[in-house]
Amino acid sequence: MSTLFEDRNDAAYKLAKEIEGYLKYEQKNVTFSNKDLIVLAIPRGGIVLANVIASHFECELDVIVSRKIRHESNEELAIGAVMPDGTFFINERILKILPISRKYLEQEIEFQRKEINRRLMEFRGTTSYADKLNNKIIILVDDGIATGATITASAKWLEKNYSYNKLIIAVPVAPKTSETVDILSTIADKVIVLYSPQDFSAVGQFYQRFDQVSDNEVKEIMRRYHFNI
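Since this is a predicted model, take the numbers as computed values, not measurements. (Residues numbered from 1 in each chain as written. Predicted model: local features only at pLDDT ≥ 70, side-chain atom pairs only at ≥ 80, totals over all residues. Heavy atoms only, no water.)

### A closer look at unusual backbone geometry
Let me state the cut-off plainly: Each helix is a run of H or I in the DSSP string that is no shorter than four residues. Each strand is a run of E no shorter than two, and both are numbered from the N terminus.
For the peptide bond that leads from Pro 43 to Arg 44, omega is 15 degrees, which places it in the cis range. Here the phi dihedral of Asn 135 falls at roughly 60 degrees; this positive angle occurs in a residue that is not glycine. With respect to the helices, strands and loops of the structure, Asn 135 is situated in the loop between helix H4 (102-124) and strand E6 (137-141). Phi at His 226 takes a positive value of approximately 70 degrees, unusual for a residue other than glycine.

Below is the structure:
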């Protein structure tokens with residue numbers, strides 16, 4: 001099939017219009033300003049989209065760092081994801097087929113938790129969000145959903161820890177038969193997916209340009225939103 005997006009910026013502009021449509025028309029009885037909005041990116045790819053969307057709404061931007069939990073026998077296979085405080089989401093369906101040891105799981109979670117905190121310091125200069133996410137309309141953004149481990153863990157973490165007004169999850173593309181989207185729909189007030197193709201092998205197949213986003217690019221964007229890093 002032909003690609004759907006030129007690059008992440010192109011996807012972000014299209015996503016911003018859909019988010020705006022939802023906020024304007026489906027929420028027409030709710031009054032809010034740009035100060036009520038915050039765009040949360042899952043880096044690194046999601047930060048490019050978040051920058052465009054936050055610029056569109058002239059609102060705050062931040063990152064939420066989640067790390068995949070790798071399978072004991074295959075590091076490329078994500079069996080879940082972990083958050084900064086050590087809370088984690090596990091895909092029980094995979095574990096029924098490919099079980100792992102409890103000791104490995106504990107070690108992997110601790111390893112990834114330390115990496116999360118290192119990245120939070122590098123990208124934000126702090127691991128604390130204080131109360132900046134409370135009473136906000138949060139727009140959680142990534143460049144697409146494949147396994148969905150990190151975005152599911154992020155959504156559950158937000159639900160557990162913050163008293164936001166609304167949670168909107170927005171991605172350009174996700175598989176048509178996505179268990180993740182079903183799960184996210186039970187957590188978020190709205191899940192926006194621009195395209196849900198039947199033929200899906202990887203997020204990058206739907207982008208003409210899908211270059212790797214570097215840590216320096218993430219930090220450059222974060223500095224635009226007054227993060228002192």
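### Focus on helix H1 (residues 8-26)
The cut-off we apply is this: To estimate how far a helix should extend, the number of its residues minus one is multiplied by 1.5 Å. Exposure categories follow from relative accessible area, calculated using a 1.4 Å probe and restricted to protein chains: below 20% of the type maximum is buried, above 50% is exposed, and the middle band is partly exposed. Contact definition: two residues touch when any of their heavy atoms are within 4.5 Å.
Helix length check: H1, at 19 residues, gives a terminal C-alpha distance of 26 Å against a target of 27 Å (1.5 Å per residue), a fit within 8%. Those residues of H1 lying buried are Arg 8, Asp 10, Ala 11, Ala 12, Leu 15, Ala 16, Ile 19, Tyr 22 and Leu 23. Structurally, H1 contributes buried residues whose contacts are with strand E1 (37-41), helix H2 (45-57), E6, strand E7 (166-173) and strand E8 (190-195).

### Some points on the packing of H1 against H2
To keep things clear, this is the line we draw: Axis lines are fitted to C-alpha atoms, over the contacting stretch for helices. Their N-to-C directions set the angle, which ranges from 0 to 180 degrees. Reported orientations rely on four angle classes, namely roughly parallel under 35 degrees, roughly antiparallel over 145, roughly perpendicular from 65 to 115, and oblique for the rest. In this scheme the crossing of two helices becomes right-handed for a clockwise turn of the near helix relative to the far one and left-handed for an anticlockwise turn of less than a right angle. Any residue that is not Ala, Val, Leu, Ile, Met, Phe, Trp, Tyr, Cys, Pro, Asp, Glu, Lys or Arg is counted as polar, Gly included; the first ten are nonpolar and the last four charged.
Following both chains from N to C, one finds H1 and H2 inclined at 50 degrees, their axes separated by 9 Å at the closest point. Comparing their axes, H2 and H1 come out oblique. Note that H1 runs across H2; the crossing there is right-handed. Note on element contacts: H2 touches H1 through Gly 45, Val 48, Leu 49, Val 52, Ile 53, His 56 and Phe 57, opposite Arg 8, Asn 9, Ala 11, Ala 12, Tyr 13, Leu 15, Ala 16, Ile 19, Glu 20 and Leu 23. Tallied by class, the residues present in the contact of H1 with H2 amount to 12 nonpolar, three polar and two charged.

### A short note on H4
The first and last C-alpha atoms of H4 sit 32 Å apart over 23 residues, in line with the 33 Å expected at 1.5 Å per residue. Positive backbone phi, at 85 degrees, marks Gly 125, one or two positions downstream of H4.

### Topic: the sheet that holds E7
Spelled out, the test is: When DSSP finds two or more bridges between two strands, those strands count as paired.
Read across the open sheet, the five strands follow the order E2-E1-E6-E7-E8; overall the sheet is parallel. Of all strands in the sheet, those bounded by a partner on one side alone are strand E2 (60-63) and E8. Averaged over all neighbouring strand pairs, the angle between strand axes comes to 20 degrees, with direction disregarded. Taken together, the five bridges between E1 and E6 define a ladder with parallel strand orientation. Residue pairing in the sheet places Val 39 in a bridge with Ile 139 of E6.

Take it as geometry only, folks, not as evidence of what the structure does.
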